[in-house]
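Tertiary structure, described
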Amino acid sequence: CKKEQLDQDICYAYINLAETYTAKGEAELAIKYVTKGISSTQEYSNKQMELRGYIVLGWANRLLGNYKEAIKYGEKGLAMAKDYLIVEHALALEQLHKTYEMAGQTALAYSIIKEYYHIKDSISNDENKKAGFALEAKYAFEKEKREIEFEQEKTRVAYEATLAEEELIIYGMSGGILLLI
C-alpha cells in the first residue's frame, strides 16, 4: 500500500514537473515527463491527473508547433474533463482554443471559446454563491453571538439586582438587630 502511494506521488510529480516545464517553454522536457506521468495515472486509475496530463501534453505540443498532436491530446483531455471537474473542463477548453487559433481553425476556436466563457461564468457564479453562503453563515453566527451576549448581559444584570436586594435585606436586618441591642 505504501509503495502504491509512493508511485502515485511520483506520478503527480511527473505531471506537475511537466506543467512547470511547459510554462517555462521547455516543451520537449515537458513531453518526456508528462508521458511518464500519464502512463502512471492509467496504471492507478487516477482520472483527474490523467486528464491534467493530456491537457499539458496538448499544451506542450502546441508550443512545439505540433498542432495535430496538440489537438488530439487537447480533445482527449476535454472529453475526460467534461465528465469530471469544471475547473479542468475550463482549462482544457482554454488550451484547446489556443491550439485551434494557432492552427488557423478559427471557427473551432470560436466555438470552443464560447463554451469556455460559459464554463468560466458558471465557475464565477458558483464562487459567488459560495461567497454569499459564507456571508449568510457569518451573519447568522454574528447574530447568534450577539443574542448570546445579550442573554448573558441580562442574566448578569438580574444577578447583580438580586445581590443588591440581598445586601439591602442584610443591611436592614443588621441595622434592626443593632437597634434592638
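Structure first, text after, so check above.
Note that the structure is predicted; figures quoted are calculated from it, not measured. (Residues numbered from 1 in each chain as written. Predicted model: local features only at pLDDT ≥ 70, side-chain atom pairs only at ≥ 80, totals over all residues. Heavy atoms only, no water.)

1. Section: the side chain of E50
As for its position among the elements, E50 is in helix α3 (residues 47–63). Setting aside anything within four residues of it in sequence, one finds E50 in contact with I38, T41, Q42 and M80. (Helix = DSSP H or I, 4+ residues; strand = E, 2+ residues; numbered from the N terminus. Contact = heavy atoms within 4.5 Å.)

2. Overview of the packing of aromatic side chains
Applying the stated rule across the entire model yields three aromatic pairs. Ring geometry for Y21 versus Y33: centroids 5.8 Å apart, planes at 15°, classification stacked. Of this pair, Y21 sits in helix α1 (residues 2–23) while Y33 sits in helix α2 (residues 27–44), placing them twelve residues apart in sequence. Through a chain of ring-to-ring contacts, the aromatic side chains of Y14, Y21 and Y33 assemble into a single cluster. (Phe/Tyr/Trp six-rings, centres within 6.5 Å; stacked < 30°, edge-to-face > 60°.)

3. Some points on the side chain of Q95
Along the polypeptide, Q95 turns up in helix α5 (residues 86–102). In this structure Q95 touches I55, W59 and R62, once residues within four positions along its chain are discounted.

4. What to know about the environment of N46
Its location among the elements puts N46 in the loop between α2 and α3. Ignoring sequence-local partners within four residues, the contact set of N46 consists of Q8, Y12 and T41.

5. Side note on the environment of Q8
Locating Q8 in the fold gives a position in helix α1. Judged by relative accessible area, Q8 falls into the buried class, the value being 16%. Residues Q8 and S45 lie 37 residues apart in sequence; the distance between their C-alpha atoms is 10.0 Å. With sequence-adjacent residues up to four places away left out, Q8 is seen in contact with Y44 and N46. (Buried < 20%, exposed > 50% of the residue type's maximum accessible area, 1.4 Å probe, protein only.)

6. Brief notes about the nonpolar core
Counting 29 residues, the largest nonpolar core has A18, V34, L78, L93, Y100 and I112 as the members making the most contacts within it. Elements that contribute at least two residues to this core include exactly α1, α2, α3, α4 (67–82), α5 and α6 (106–180). For this core, the element with the most residues is α3, which contributes seven residues. Ignoring any residue separated from it by four or fewer positions in sequence, one finds V34 in contact with Y14, I15, A18, G53, V56 and L57. (Core = buried A, V, L, I, M, F, W, Y, C linked by side-chain atoms within 4.5 Å.)

7. Looking at the pattern of salt bridges
Enumeration according to the criterion identifies seven salt bridges in this entry. The residue E94 makes a salt bridge to K98 at a minimum N-O spacing of 3.8 Å. One end of the pair is E94 and the other is K98, both in helix α5 and four residues apart, which spans about a single turn. Note on E94: relative accessible area 25%, which makes it partly exposed. According to the relative accessible area criterion, K98 is partly exposed, its value standing at 30%. The partner of E160 in a salt bridge is R156, and the shortest N-O contact between them spans 2.5 Å. With a gap of four residues between them, E160 and R156 both fall in helix α6, about one helical turn apart. Given a relative accessible area of 42%, E160 falls into the partly exposed group. (Salt bridge = Lys/Arg side-chain N within 4 Å of Asp/Glu carboxyl O.)

8. A word on α2
In a regular helix each residue adds 1.5 Å, so 18 residues correspond to 26 Å; α2 covers 25 Å between its end C-alpha atoms and thus fits that length. Here α2 has its buried residues at A27, A30, Y33, V34, G37, I38, S40, T41 and Y44. The arc enclosing the buried residues of α2, seen along the axis, measures out at 165°, which places them on a common side. Relative to its buried face, α2 has exposed residues pointing more than 90 degrees away, namely E28 and E43. (Expected span 1.5 Å × (residues − 1). Arc of directions from axis to C-beta.)

9. As for α4
An ideal rise of 1.5 Å per residue puts 22 Å on 16 residues; α4 measures up with 22 Å between its terminal C-alpha atoms. For α4, the complete set of buried residues consists of A70, I71, Y73, G74, G77, L78, M80 and A81.

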